[in-house]
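# Understanding the architecture of this molecule
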Amino acid sequence: MSSVVVLDNGGGLIKAGFGGDRNPVAVVPNCLGRPASSKKWLVADQLLAAESEITSVSIRRPFDRGYLINPDLQKEIWDRVVRTILRADPSTSSLLLVEPLFNPPSIQRATDEVVFEDLGFQSLFVADAPSLVHLYEASRRPVDGLAAMAQCSLVVDCGFSFTHAAPVVQNFTLNYGVKRLDLGGKALTNYLKELVSYRSINLMDETLIIDDAKEKLCFVSLDVLNDLQLARKPGKDNPFRCTYVLPDGITHTRGFVKDIDEAQRFLSLPDGCSTMLGMPEVDSQADTEKSEARKRMDMNKSEFNLTNERFLVPEMMFCPADLGMNQAGLAECIVRSVHACHPYLHPVLFESIVLTGGSTLFPRFAARLERELRPLVRDDYRVKITSQEDPIKGVWRGGSLLASSPDFESMCISKSEYEELGSTRCRRRFFH
C-alpha cells in the first residue's frame, strides 16, 4: 500500500509528514542558509541543528511575496525533506501539496514538473490552506450551533508573506470572497530589524536572530496609546522592558531572553491599568544612565533591550496605515471578505472565524481582533473567534485528515494522467 506524503509548503516553514498522522514529522525552514564563517549552504533542517551558527547567515528562499520563484531551489529542499527527513520513496508515494491561493498557471506547471519529473511521485493532489483548516476544525466542532450546521467558516491565515481572510463553504473556498493583506511574518521581522538597528545595534543581516526575538518577545497591545505612555517609564517601572542576549558563538550559539519573568511582566497588567498611570515624569539622571548604557551596549554588542518595539511590530497587522501603507487593517479586511459573500452567510461567517498561521501566536491577538471587529459588525450578529490549538500545524493536520480518507486516491492526478495532459492544467479537484 502506498503512503501519502503531506507537504504544507509555506514561504517560511515546510510542514512535512504522512497522511493519517496527528503531527508532522518535521517543521523546517523553507530556505537555504550559509553562515559567514562557512562556504557550505545548509538546507532546511540543517539550519536548526544545535551546532549550526546562525549569525550573519545569508538566506536564499524559493518563495518571494508568497509565490514560488525558484523551482530548482525548491526541488533541492523538497528532495532533502522527502528522502532524508521523511525517508519516503516518491515512486511509491502520493503527494498532497498545499499551495497558495491564486497561484499563477506558470507556477503551477513548474510545480508539476518538480513533483512528477524531478521527484517522481506517483500521484498528486493540490489543496489550499483555508479548505484544509476548515476541514480540520469541522471535524473537531460539535454538531450544534448555526456555523456547524451550515458547514461554513471564515479562515484568517496570517502567514509568512501575507494574510488572507477566506470564506469557506462545504470545504470549498469562495475565491470571490478572499481578501488579502500584504503583511505577514516576514514584514514584521523586517520592521523589527529596522527598529532595533536604528535604536541600538545594527542587526539588519541577522534575520534568524531577529525572527527568534520577535517570536519570543512581541505581543499585541489592547490599548496602544496608553501602553506607549507606560513604555516611556525608566528602568524597572517599565513593564515592557526586556533584554535579548545575542549568540557569541562560544558559550551559546543561539540567542535567548535574559530574564523570562521580566519579559512576561506585561501579562500581569489588567486592562486599562496604564490609563491611571499617566505620563511618566522626566528624569534627567535616568536619561543620562540610559544613554551611557546604550553606549556600552553598542561597544560590546552582546545584547539589546526592547520596550515599545514589542507591541509596535504586531500593530502593523491592525493599523498598516500608521506606517504609510495604503491598506486596510485586519478587522476591515475580514469585514470586506464577509460582505463579498451572500447576505445569508454573513451571520454564520462572523460566528465562525478561525485564526491560523504563525503570526496569530502573538499574545492577545484574538482579543485585540475581536475588540477591533465588534464595532464594524451589526449588533444582532455574534462575533466568535477561534484560535487553532497549534496555528502552525493546523493546515497540515487538515491535509493529513484528508489524505487518510478512503477516496483520497481517486481525487489525485496520477503521473500517467499528467503525462497525457502535458501542459494542460486540471489537477485541482475539490472535495466535499
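Every value quoted in this text rests on a predicted model; they were computed, and no experiment measured them.

A few words on the nonpolar core. Formed by 55 residues in total, the largest nonpolar core has its most connected members in F304, I334 and L369. No other element matches the six residues that helix α12 (residues 330-339) contributes to this core. Not counting chain neighbours up to four residues away, the residues in contact with L369 comprise F318, L330, A331, I334, L355 and I385. In this structure, L32, V43, V82 and L95 belong to the second largest nonpolar core, which totals 27 residues.

All right, on to the side chain of S93 then. With respect to the element layout, S93 can be found in strand β9 (residues 93-98). Among the polar contacts made by the side chain of S93, one reaches the main-chain carbonyl oxygen of D89 at a distance of 2.8 Å.

Another aspect to go through is helix α3 (residues 129-140). For an α-helix, 3.6 residues make a turn, and residues three or four places apart therefore share a direction. Spanning 12 residues, α3 covers 17 Å between terminal C-alpha atoms, matching the ideal 16 Å at 1.5 Å per step. Most of α3 is tucked away: 10 of the 12 residues are buried. Those residues of α3 that fall on the buried side of the exposure criterion are A129, P130, S131, L132, V133, H134, L135, Y136, E137 and A138.

Let us look at the sheet that holds β9. One open sheet accounts for six strands, arranged β3-β2-β1-β9-β10-β20; its pairing is mixed. The sheet is open, and its two borders are formed by β3 (26-29) and β20 (413-414), each paired with just one other strand. Pairing geometry for strand β1 (residues 3-9) and strand β2 (residues 13-18), over five bridges, is antiparallel. Looking at the pairing, N9 lines up with I14 of β2.

The subject of this paragraph is the pairing of β1. Burial within β1 is extensive, with six of its seven residues counted as buried. Bridging between β1 and β9 involves six bridges; their strand directions are parallel. Paired with L7 across the strands is L97, a residue of β9. What sits between the antiparallel neighbours β1 and β2 is a turn of three residues.

Further remarks concern the sheet that holds strand β6 (residues 58-60). Reading across from one edge, β5-β4-β6 is the order of the three strands in this open sheet, with antiparallel pairing throughout. Sheet topology places β5 (42-43) and β6 at the edges, where each strand pairs with a single neighbour. For strand β4 (residues 32-34) and β6, the ladder comprises three bridges, and the chain directions are antiparallel. Bridge pairing in β6 links L32 to R60.

A few words now on unusual backbone geometry. Of note, the phi angle at A44 is positive, near 50°, even though the residue is not glycine. With respect to the helices and strands, A44 occurs in the loop between β5 and β6. Exposure remark for A44: the relative accessible area of 0% places this residue in the buried category. Positive phi outside glycine occurs at S56, with the angle close to 50°.

Rules used throughout
- Residues numbered from 1 in each chain as written.
- Predicted model: local features only at pLDDT ≥ 70, side-chain atom pairs only at ≥ 80, totals over all residues.
- Heavy atoms only, no water.
- Core = buried A, V, L, I, M, F, W, Y, C linked by side-chain atoms within 4.5 Å.
- Buried < 20%, exposed > 50% of the residue type's maximum accessible area, 1.4 Å probe, protein only.
- Helix = DSSP H or I, 4+ residues; strand = E, 2+ residues; numbered from the N terminus.
- Contact = heavy atoms within 4.5 Å.
- Polar contact = N/O pair within 3.5 Å; in protein donor to acceptor, adjacent residues only side chain to side chain.
- Expected span 1.5 Å × (residues − 1).
- Pairing = 2+ DSSP bridges.

In short, shape yes, function no, at least from these values alone.
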